[in-house]
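# Examining the three-dimensional arrangement
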Amino acid sequence: MNNLQMGSYRVRTRLPTAYYTEIGRIIALFAIIEGQLRHIAYIVLGINRKQGRLALRQQRVAERIKLIEDLAALRRLPLKVSWKLLKAALSELESYRDRLAHG
C-alpha cells in the first residue's frame with residue numbers, strides 16, 4: 001500500500017451495474033464491521049445503544065480499536081487480541097472503502 005501513486009484520470013460517471021453492486025456490497029460489509037466495533041465498545045463501557053450514540057461520536061476504525069483496547073485493559077478483561085494487527089488490517093480496509101465510496 002505504500003507505493004500507491006496519485007494520478008489524474010478521466011471521471012467515469014456511469015459504471016456497469018455489477019461494479020455498483022460490488023462497491024455497495026463492500027461499503028455495506030464495512031458498515032457492519034463498524035457497527036460491531038461500536039457494539040463491543042458499548043458492552044465494555046456497560047452502556048446501551050442510545051447512551052453510546054451520545055457518548056461515542058463517529059471515530060475512525062483505529063481510534064475505535066484503541067478505545068476498546070484501553071477500556072478492556074481498565075476493566076481487566078482478558079482479551080487475547082493482537083491489537084496492532086487488528087488495527088492495521090481494519091485501517092487498510094477502511095482506506096480501501098473510503099477510496100471506493102469517495103473516489
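Scroll up to find the structure this text is about.
Residues numbered from 1 in each chain as written. Predicted model: local features only at pLDDT ≥ 70, side-chain atom pairs only at ≥ 80, totals over all residues. Heavy atoms only, no water.

### With respect to the pattern of salt bridges
- For the structure on display, the rule yields eight salt bridges.
- One salt bridge connects arginine 97 with glutamate 94, and the closest N-O pair in it is separated by 4.0 Å. Residue arginine 97 and its partner glutamate 94 are located together in helix H4 (residues 83-102), separated by three residues, close to a single helical turn.
- Residue classification places glutamate 94 among the buried residues on the basis of a relative accessible area of 4%.
- Sharing partners across several salt bridges, the network here consists of Glu34, Arg60, Glu94, Arg97 and Asp98. (Salt bridge = Lys/Arg side-chain N within 4 Å of Asp/Glu carboxyl O. Helix = DSSP H or I, 4+ residues; strand = E, 2+ residues; numbered from the N terminus. Buried < 20%, exposed > 50% of the residue type's maximum accessible area, 1.4 Å probe, protein only.)

### Some remarks on helix H1 (residues 17-45)
- If you check H1, its first and last C-alpha atoms are 42 Å apart, about what 29 residues at 1.5 Å a residue would give, namely 42 Å.
- Among the residues of H1, those classed as buried are Phe30, Glu34, Leu37, Ala41, Tyr42 and Val44.
- Residues of H1 that are buried in the fold lie against helix H2 (49-55), helix H3 (61-74) and H4.
- Positive phi appears at glycine 46, one or two residues downstream of H1, with a value of about 75°. (Expected span 1.5 Å × (residues − 1). Contact = heavy atoms within 4.5 Å.)

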